[in-house]
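Overview (structure and organization)
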Amino acid sequence: MTLLSPGHVSPLRHVPSTIDRPEYVGQPAPLPYRGPLGRDADTIERMRVAGQIAAQALDAVEAAIAPGVTTDELDRVGHEFLLDHGAYPSTLGYRGYPKSLCSSVNEVICHGIPDDRPLDDGDIVNIDITAYVDGVHGDTNKTYLVGDVDEESRLLVERTREATHRAIRAVKPGRRINVIGAVIEAYAKRFGYGVVRDFTGHGVGPAFHDGLIVPHYDDPAADTVIEVGMTFTIEPMLTLGTIEWDQWDDGWTAVTRDGSRTAQFEHTLLVTPDGAEILTLP
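Residues numbered from 1 in each chain as written. Predicted model: local features only at pLDDT ≥ 70, side-chain atom pairs only at ≥ 80, totals over all residues. Heavy atoms only, no water.

This part takes up the packing of helix α3 (residues 151–170) against helix α4 (residues 178–189). Where α3 meets α4, the axes come as close as 9 Å, and the angle between the chain directions of the two elements is 145 degrees. Judged by the sense of rotation from one axis to the other, the crossing of α3 with α4 is right-handed. Contacts from Arg-159, Glu-162, Ala-163, Arg-166, Ala-167 and Ala-170 in α3 reach Val-179, Ile-180, Val-183, Ile-184 and Tyr-187 in α4. Its residues assigned to classes, the contact of α3 with α4 comprises 8 nonpolar, no polar and 3 charged. (Axes fitted to C-alpha atoms, helices over the stretch in contact; angles between N-to-C directions. Helix = DSSP H or I, 4+ residues; strand = E, 2+ residues; numbered from the N terminus. Left-handed = near helix turned anticlockwise from the far one by under 90°. Contact = heavy atoms within 4.5 Å. Nonpolar A, V, L, I, M, F, W, Y, C, P; charged D, E, K, R; others polar.)

As structure tokens, then:
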């Protein structure tokens, strides 16, 4: 199986001045988040809107996925959908990231930059898109099959989706954040999959990343107590081989060191009195 190599990245896409930007756009880094991890009712309602727009944008991109389509074209589709719905693409300009979504193909764990490489029949591709609207972010991703995909890769994708939803069902007020990673790792080990440790879920809301860390492996040190009103992502990355990774010279693209394939799914969640509400549904 041929490994990926960087392609040509097109110029930054335009965003009309009428669309509000996050504070970090044009800055080297976002300002530190100083607010609470729990959200008030108004913030939650705005996050429902942002989450729904992000989920719908993901569906729009999915409809364009096919062999021969470039990831840059997928970025265009996602970018234009967000703008058409009054949302800013949260990744565009975040710490200098140059595109409106992340497209992570085959051995790319996360943060793949859309470029002019066409998708091949048999690829798998993760699309990670975040909508910023009315002062809040909604963050989601899915891994898709491109054409006729081998059984090992298909099962990896299916089981990564299942691991994500098992972890979501484990979210309950009063439990510690570690329960999420414990559930994911226990499930992944049944199939011999690696669970990436160095990229995690995170608190999200008024800030793209608010400082709350959500590990996807069994980390007893992750002892933050889950509370009603928290909003965060669960986004496990499972691999067919090693969890060790290298980064391309672009400063973003993380690939498995052994070239093995990897899959990921993500939702933004709201902790409720009896569990978790998925905010990133269409």
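Okay, the sheet that holds strand β11 (residues 245–247) next. An order of β3-β12-β11 is seen for the 3 strands of this open sheet, with the pairing classed as antiparallel. Looking along the sheet, the strands with just one partner apiece sit at the ends: β3 (108–110) and β11. The average angle at which neighbouring strand axes cross in this sheet is 40 degrees, direction not considered. Note: β11 against strand β12 (residues 254–256), 3 bridges, orientation antiparallel. By the bridge assignment for β12, Gln-247 is matched with Ala-254. (Pairing = 2+ DSSP bridges.)

This part covers the pairing of strand β2 (residues 102–105). Across the two faces of β2 the burial is the same, with Cys-102 and Ser-104 and Ser-103 and Val-105 all buried. Two strands pair when backbone bridges link them, and β2 and strand β4 (residues 124–133) are joined in this way by 4 bridges, in the antiparallel orientation. Note that in β4 the partner of Val-105 across the bridge is Val-125. (Buried < 20%, exposed > 50% of the residue type's maximum accessible area, 1.4 Å probe, protein only.)

Counting 33 residues, the largest nonpolar core has Ile-53, Ile-65, Leu-74, Leu-82, Leu-119, Val-125 and Ile-127 as its most contacted members. Elements supplying a minimum of two residues to this core: α1 (41–64), α2 (71–84), β4 and β5 (136–145). Of all the elements, α1 adds the most residues to this core, at 8 residues. Not counting residues within four places of it along the chain, the set of residues in contact with Val-125 comprises Ile-65, Ser-103, Ser-104, Val-105, Leu-119, Lys-142, Thr-143, Tyr-144 and Val-146. Among the nonpolar cores identified, the runner-up in size contains 29 residues, and Leu-155, Ala-222, Ile-226 and Phe-232 belong to it. (Core = buried A, V, L, I, M, F, W, Y, C linked by side-chain atoms within 4.5 Å.)

This part covers the side chain of Thr-91. Structurally, Thr-91 can be placed in the loop between β1 (88–89) and β2. Assessed through its relative accessible area of 8%, Thr-91 is described here as buried. One polar contact links the side chain of Thr-91 to the main-chain amide nitrogen of Leu-101, over a distance of 3.4 Å. In contact with Thr-91, other than residues within four places in its own chain, are Tyr-97, Lys-99, Ser-100, Leu-101, Cys-102 and Phe-208. (Polar contact = N/O pair within 3.5 Å; in protein donor to acceptor, adjacent residues only side chain to side chain.)

When the terminal C-alpha atoms of α3 are compared, their 28 Å separation across 20 residues agrees well with the 28 Å that a helix rising 1.5 Å per residue should span. Along α3, the residues classified as buried are Ser-153, Leu-155, Leu-156, Val-157, Thr-160, Ala-163, Thr-164, Ala-167, Ile-168 and Ala-170. For α3, the N-terminal cap is Asp-150; the gap from its side-chain oxygen to the backbone nitrogen of Glu-152 is 3.2 Å. (Expected span 1.5 Å × (residues − 1).)

All right, on to the environment of Leu-145 then. Secondary-structure assignment places Leu-145 in strand β5. Exposure remark for Leu-145: the relative accessible area of 39% places this residue in the partly exposed category. The sequence separation of Leu-145 and Gly-122 amounts to 23 residues, and the corresponding C-alpha distance is 7.2 Å. Once residues within four sequence positions are removed from consideration, Leu-145 is found in contact with Asp-123, Ile-124, Arg-154 and Val-157.

Attention shifts here to the sheet that holds strand β14 (residues 267–272). On the basis of which strands lie adjacent, the open sheet formed by 3 strands has the order β9-β14-β15 and antiparallel pairing. Strand pairing shows two members of the sheet lacking a second neighbour, β9 (231–234) and β15 (275–278), which therefore form its edges. Taken over all neighbouring pairs, the strand axes of this sheet differ in orientation by 45 degrees on average, direction set aside. Sheet analysis places β14 next to β15, joined by 4 bridges and oriented antiparallel. Paired with Leu-269 across the strands is Ile-278, a residue of β15.

Turning to the pattern of salt bridges, a few remarks are in order. Opposite charge on two side chains permits them to pair, given that their charged atoms come into close proximity. In this structure the tally under the stated criterion is 19 salt bridges. Between Asp-42 and Arg-46 there is a salt bridge, with its nearest N and O atoms 3.0 Å apart. Here Asp-42 pairs with Arg-46, and both are found in helix α1, just 4 residues apart, close to one helical turn. Arg-48 is the partner of Glu-45 in a salt bridge, and the nearest nitrogen-oxygen pair spans 2.2 Å. With Glu-45 and Arg-48 both in helix α1 and 3 residues apart, this pair spans about one turn of that helix. Overall, the relative accessible area of 47% leaves Glu-45 in the partly exposed class. Ionic contacts of the salt-bridge type, sharing partners, join the residues Arg-13, Asp-72, Asp-75 and Lys-99 into one network. (Salt bridge = Lys/Arg side-chain N within 4 Å of Asp/Glu carboxyl O.)

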